[in-house]
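Coordinates in review
Each chain, written out:
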Amino acid sequence: MSRPALRVLTLLEILQERGLVPADELARRLGVDAWAVRRYVAALRELDIPVESVRGRYGGYRLARSARATRLPPLMLGDEEAVAVALALAAASAGRTSAGEPSPADRALVKLDRLLPSALRERVATLAAATSVSAGEQAGAAAPDPEVALTLAAAVRAGHTVRIEHSRGPREVDPYGLVVHARRWYLVGHDHLRAELRMFRLDRITRAVELPRGFAPPAGFDPVAHVRHALTLGAWTHRAVVWLDTDLPSARAGLPGTFGELSPCPEGGVLLVSGAEDLPGMARILAALPWRFAVRSPPALAEALAAHAAALAEAAASGRASLPNDVSPRRPP
């Protein structure tokens, strides 16, 4: 690439990093004079990239929004920024659309992959291969530390133990996979300290180091199923089964991912399987749902729901009784 072309791209990167940048600062960072800066600005404008000049003592150049532009201008990203974007795209990936085409997140990830340096491309590809996204997951998962995520993904692929610095202390873990669920990233694996299968939130891991010691993951292990079960059933005293009079997409859109496991019923509707510690609290949540429902188990949840309904009926009756005979309830404005 010629030096003028490289400077034009560098100018674009500088303008994308900040808002208004003084002309003398641009000249200093590019190693040219003010006249050359003007030429490079003109070159960006010829590419239909809207660069705005601001006059005055505190003037300079900045990128402007163009009403004429039909597509985004080139986006200059550093290595860490590119990995952060890849993390967000991996979390938003949902396979294919209803028409059988790749999702927008998948297409964007493919485009980003083509532009990455070879070494970084391999690490990002490893991250995508090691990460599973829970069904029905919504975009917006908080991205973990890029280096931590890349290191864990490499260890998953290589089958190597990792040493992690966790908020509850250091751990050595055999990593089975990374999972994005309910807008969080999780590491699932065998915890050597506890000698059991555990999961760790990546936002609580500050550092990860891949160790040379290898391991063999359990045959057929499903990291996503483990995370969903652990967050919806595993930690609770009661296992509630409730039939919902709706379809699966509506149920997934209306209920948080950690509320329970959803599956279609052969006879119609959706079956919700959820964990509960406080059955009266579970009854109040169910009463607020926008669909008809029926409690299948446990009987104690049905009793708690009946008690809640009786309390509501009593409150409504006492409210009507306290009104004067000539006063009727008024609608709120």
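Anything mentioned here points back to the structure above.
Description of the structure in this document. Keep in mind the model is a prediction, meaning the values are calculated, not measured. (Residues numbered from 1 in each chain as written. Predicted model: local features only at pLDDT ≥ 70, side-chain atom pairs only at ≥ 80, totals over all residues. Heavy atoms only, no water.)

1. A short note on the sheet that holds strand S11 (residues 270-276)
Neighbouring strands of a sheet are bound in pairs by backbone hydrogen bonds; such pairs are parallel or else antiparallel. Pairing in this open sheet of four strands is antiparallel, and the strands run S10-S11-S9-S12 from one edge to the other. The open sheet is flanked by strand S10 (261-264) and strand S12 (293-297), the only strands paired with a single partner. Neighbour to neighbour, the strand axes of the sheet diverge by 25 degrees on average, direction disregarded. (Pairing = 2+ DSSP bridges. Helix = DSSP H or I, 4+ residues; strand = E, 2+ residues; numbered from the N terminus. Axes fitted to C-alpha atoms, helices over the stretch in contact; angles between N-to-C directions.)

2. Points about the packing of helix H1 (residues 3-17) against helix H3 (residues 34-46)
The geometry of H1 relative to H3 is characterised by a closest axis approach of 10 Å and an angle of 80 degrees between their N-to-C directions. As the angle between them shows, H1 and H3 are arranged roughly perpendicular. Across the interface between the two elements, Pro4, Arg7, Val8, Leu11, Leu12 and Leu15 from H1 touch Tyr40, Val41, Ala43 and Leu44 from H3. In terms of residue class, the contact of H1 with H3 is built from nine nonpolar, no polar and one charged. (Parallel < 35°, antiparallel > 145°, perpendicular 65-115°, else oblique. Contact = heavy atoms within 4.5 Å. Nonpolar A, V, L, I, M, F, W, Y, C, P; charged D, E, K, R; others polar.)

3. Description of a negative patch on the surface
A cluster of acidic residues, Asp79, Glu80, Glu81 and Asp145, forms a negative patch on the protein surface. With respect to the helices and strands, Asp79 occurs in helix H4 (residues 79-92). (Patch = residues over 30% accessible without salt bridge, like charges linked within 9 Å, V, L, I, M, F, W, Y side chains within 5 Å. Areas by Shrake-Rupley, 256 points an atom, 1.4 Å probe, with all protein chains shown as cover. Salt bridge = Lys/Arg side-chain N within 4 Å of Asp/Glu carboxyl O. Lys, Arg positive; Asp, Glu negative; His and termini not counted. Charge placed at Lys NZ, Arg CZ, Asp CG, Glu CD.)

4. A look at the pattern of salt bridges
Scanning the entire structure with this criterion turns up 13 salt bridges. Here Glu147 ties to Arg123 by a salt bridge, and the two come within 2.9 Å at their closest N and O atoms. Here Glu147 is found in helix H7 (residues 146-158), whereas its partner Arg123 is found in helix H6 (residues 118-130), with 24 residues between them in sequence. Owing to a relative accessible area of 43%, Glu147 belongs among the partly exposed residues under this scheme. A salt bridge links Arg292 to Asp245; the nearest nitrogen and oxygen atoms lie 2.8 Å apart. Residue Arg292 is located in the loop between helix H10 (279-287) and S12, and its partner Asp245 is located in the loop between strand S9 (238-244) and helix H9 (248-254); the two are separated by 47 residues in the primary sequence. (Buried < 20%, exposed > 50% of the residue type's maximum accessible area, 1.4 Å probe, protein only.)

5. Observations concerning the environment of Ala240
Locating Ala240 in the fold gives a position in strand S9. Overall, the relative accessible area of 0% leaves Ala240 in the buried class. Once you skip the residues sitting within four places of it in the chain, Ala240 turns out to touch Leu272, Val273, Ser274, Met282, Ser297, Pro298 and Leu301.

6. Brief notes about the packing of helix H2 (residues 23-30) against H3
Where H2 meets H3, the axes come as close as 9 Å, and the angle between the chain directions of the two elements is 90 degrees. In terms of orientation, H2 and H3 fall into the roughly perpendicular class. For the pair H2 and H3, contact is made by Ala23, Leu26, Ala27 and Leu30 and by Ala34, Val37 and Tyr40, respectively. In terms of residue class, the contact of H2 with H3 is made up of seven nonpolar, no polar and no charged.

7. Focus: the packing of aromatic side chains
Geometrically, a pair of aromatic rings is defined through the distance of the ring centres and the angle of the planes. As enumerated under the stated definition, the model contains two aromatic pairs in all. Both rings, one in Tyr176 and one in Phe215, keep their centres 5.9 Å apart while their planes meet at 45 degrees; by these two values the pair is tilted. Of this pair, Tyr176 sits in strand S5 (residues 169-181) while Phe215 sits in the loop between strand S8 (205-214) and helix H8 (223-234); the two residues are 39 residues apart in sequence, bridging distant segments of the chain. Assessed through its relative accessible area of 17%, Tyr176 is described here as buried. Taking the centre distance of 5.3 Å and the plane angle of 65 degrees together, the rings of Tyr176 and Phe221 count as edge-to-face. (Phe/Tyr/Trp six-rings, centres within 6.5 Å; stacked < 30°, edge-to-face > 60°.)

8. Here's the deal with the pairing of S5
Strand residues, when the strand is regular, have side chains that alternate between the two faces of the sheet. Burial within S5 is extensive, with eleven of its 13 residues counted as buried. Two strands pair when backbone bridges link them, and strand S3 (residues 131-133) and S5 are joined in this way by three bridges, in the parallel orientation. Paired with Ser132 across the two strands is Val179, which belongs to S5. Two elements, strand S4 (residues 160-166) and S5, share five bridges in a ladder whose sense is antiparallel. Among the inter-strand pairings, Ile164 is bridged to a residue of S5, identified as Arg171. Linkage of S4 to S5, two consecutive antiparallel strands, is achieved through a turn of two residues. Linking S5 back to strand S6 (residues 184-191) in an antiparallel pair, the connection comprises two residues, with Ala182 at a positive phi of about 50 degrees.

9. Things to note about unusual backbone geometry
Residues other than glycine predominantly adopt negative phi, and peptide bonds predominantly adopt the trans conformation. For the bond from Ser297 to Pro298, the omega torsion is 0 degrees, close enough to zero to count as cis. Within the secondary structure, Pro298 is located in the loop between S12 and helix H11 (299-321). Look at Ala195: it is not a glycine, yet its phi comes out positive at around 55 degrees. One can find Ala195 in the loop between S6 and strand S7 (196-201). Classification of Ala195 as exposed rests on a relative accessible area of 55%.

10. Some points on the nonpolar core
For soluble globular proteins, nonpolar side chains are generally found buried alongside one another. Core analysis: the largest hydrophobic core is formed by 33 residues, its most contacted members being Leu127, Leu152, Ile164, Trp185, Leu187, Leu202 and Ile205. Contributions of two or more residues to this core are made by H4, helix H5 (104-115), H6, H7, S4, S5, S6 and S8. What Ile205 contacts, discounting residues up to four positions off in sequence, is Val148, Leu152, Ile164, Glu165, His166, Leu187 and Phe200. The next biggest cluster of nonpolar side chains, apart from the first, holds 20 residues, and it includes Val242, Leu289, Trp291 and Leu301. (Core = buried A, V, L, I, M, F, W, Y, C linked by side-chain atoms within 4.5 Å.)

11. Side note on H3
Given a rise of 1.5 Å per residue, 13 residues ought to cover 18 Å, and the 19 Å separating the end C-alpha atoms of H3 matches this to within 8%. Buried-residue contacts for H3 involve H1, H2, strand S1 (51-54) and strand S2 (60-63). The distance from a side-chain oxygen at the start of H3 to the backbone nitrogen of Trp35 is 3.3 Å, and the residue carrying that oxygen is Asp33. (Expected span 1.5 Å × (residues − 1). Polar contact = N/O pair within 3.5 Å; in protein donor to acceptor, adjacent residues only side chain to side chain.)

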